[in-house]
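The primary structure of each chain is shown beneath.
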Amino acid sequence: MDLTLSIINELARIFPDGTFYREKIEQGFTEPSFYVYPISASQDPLLSTRNYRKRPYCVTWFPDTSLDTTSEQLETMSDRLMNEFKFLHDDKLHILSKDLKVRDGVIVMTFGIRYVVQEVPDESTKMQDLTEKGALKNG
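Just so it is clear, the model here is predicted, and its values are computed rather than measured.

### Some words on the layout of surface pockets
- Quantified by volume, the largest pocket comes out at close to 210 Å³.
- Elements with a minimum of two residues in the lining of the largest pocket: strand E2 (33-38) and helix H2 (70-84).
- Here the lining of the largest pocket gets four residues from one element, more than from any other, and that element is H2.
- Within the lining of the largest pocket, the residues separate by chemical class into five nonpolar, five polar and two charged.

### Some remarks on the environment of Pro38
- Within the secondary structure, Pro38 sits in strand E2.
- Pro38 sits in the partly exposed class, given a relative accessible area of 36%.
- C-alpha separation for the pair Pro38 and Thr110, spaced 72 residues apart in sequence, amounts to 9.5 Å.
- Beyond its immediate sequence surroundings of up to four residues, Pro38 is in contact with Thr4, Arg55, Pro56 and Tyr57.

### Some remarks on the pairing of E2
- Of the strand pairs in this sheet, strand E1 (residues 20-21) and E2 are connected by two bridges, and their pairing is parallel. Bridge pairing links Tyr21 to Tyr35 in E2.

### What about the nonpolar core?
- Formed by 25 residues in total, the largest nonpolar core has its most connected members in Ile7, Leu11, Phe34, Leu81, Phe85, Phe111 and Ile113.
- Breaking this core down by element, the ones donating at least two residues are helix H1 (3-14), E2, strand E4 (50-62), H2 and strand E8 (106-118).
- Tallying contributions element by element places E8 first for this core, with six residues.
- For Leu11, the residues in contact, after removing those within four places along its chain, are Phe20, Phe34, Val36, Val59, Leu81 and Phe85.
- One finds Phe29, Tyr35, Cys58 and Val108 within the second-largest nonpolar core, a separate group that totals seven residues.

What counts and what doesn't
- Residues numbered from 1 in each chain as written.
- Predicted model: local features only at pLDDT ≥ 70, side-chain atom pairs only at ≥ 80, totals over all residues.
- Heavy atoms only, no water.
- 1 Å grid on protein atoms, 1.4 Å probe; cavity = no way out; pocket = protein on both sides within 12 Å on 5 of 7 lines; lining within 4 Å.
- Points joined across faces, edges and corners; volume = space filled by probe spheres on them.
- Helix = DSSP H or I, 4+ residues; strand = E, 2+ residues; numbered from the N terminus.
- Nonpolar A, V, L, I, M, F, W, Y, C, P; charged D, E, K, R; others polar.
- Buried < 20%, exposed > 50% of the residue type's maximum accessible area, 1.4 Å probe, protein only.
- Contact = heavy atoms within 4.5 Å.
- Pairing = 2+ DSSP bridges.
- Core = buried A, V, L, I, M, F, W, Y, C linked by side-chain atoms within 4.5 Å.

Have a look at this one:
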């Protein structure tokens, strides 16, 4: 499950003409564009071989600074992200706990994704075959 790609796909569905990055570019990002990256991951065990995972993500949006409407772009994009970015259709997961801030002329939105995973058991640890040795005791 590539959650970063699912987030980019969902953002591309909402903003079809957008430019998206999942790796930091040393030469800088093309504007306007989105930069999507995971912040961390945590896991809590459930019954049997299931685990409850929590993944916080960050989406940074860089407005087109060549235009004189940076504040208007930031406000419009903030509203669209809060109103339209709610669900990852690829993985059928909800976007939770969105927090959006404007810092240094860019939008920084953090949010969480929670889901349950089933571990695949290691087949090499199972008994492969059973051999029986029989004899009479004291006989």
